[in-house]
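Summary of structural features
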Amino acid sequence: MVSDETRRALLAFRAERDWEQFHSPLNLAVAIAVEAGELLEQFQWRRPGDDGQRTGQEAAVAAEMADVAILLTYLANDLGVDLEQAVRAKLAVNAERYPVERARGRAEKHDAL
């Protein structure tokens with residue numbers, strides 16, 4: 001999630017280039033998936049425990065994370081989704097699905113706890 005100031009800067013950047021015409025919800029969702037794949041690529045072929053922070057990949061990882069955040073900001077704006085509110089609502093749902101006493105230290109999905 002980005003600040004309102006950053007969101008406004010992103011929207012101005014996009015408008016100045018007339019890119020809204022290419023940013024349908026479908027195209028933005030596809031682009032988010034592509035950029036998420038590029039983020040994942042930064043960790044491809046790593047050894048267990050090598051999280052990218054010790055390999056000099058910090059800048060590349062941050063850049064891919066930024067790409068995902070930028071596209072998600074555009075999509076949320078265009079669909080009228082308040083990301084802060086959506087995240088808080090999802091956190092509340094997950095708190096019910098994954099109560100601490102059952103989920104702590106476990107990786108199972110909520111229906112397997």
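What comes next concerns the included structure. Per chain, the residues get numbers from 1 upward, laid out in the order the sequence is written. In keeping with the predicted nature of the model, local features appear solely for residues at pLDDT of at least 70, side-chain atom pairs appear and are counted solely at 80 or more, and the whole-chain, interface and lining totals rest on all residues. Computation of side-chain values: all heavy atoms of the structure, hydrogens and water removed.

Basic side-chain nitrogens of Lys or Arg form a salt bridge, by our definition, when they fall within 4 Å of a carboxyl oxygen of Asp or Glu. Using the criterion set out here, one finds five salt bridges in the structure. The partner of Arg-14 in a salt bridge is Asp-78, with the nearest N and O atoms 2.8 Å apart. Residue Arg-14 is located in helix H1 (residues 4-16), and its partner Asp-78 is located in helix H3 (residues 58-79); the two are separated by 64 residues in the primary sequence. Judged by relative accessible area, which is 4%, Arg-14 ranks as buried. Exposure is judged per residue with a 1.4 Å probe applied to protein chains only, and the accessible area is read against the type maximum: over 50% gives exposed, under 20% gives buried, and values in between give partly exposed. Note on Asp-78: relative accessible area 32%, which makes it partly exposed. Among the salt bridges present, the one from Arg-106 reaches Glu-108, with a minimum N-O distance of 3.0 Å. The exposure class of Arg-106 is partly exposed, given its relative accessible area of 42%. Helix and strand definitions follow DSSP, with helices as H or I runs of at least four residues and strands as E runs of at least two, each counted in order from the N terminus.

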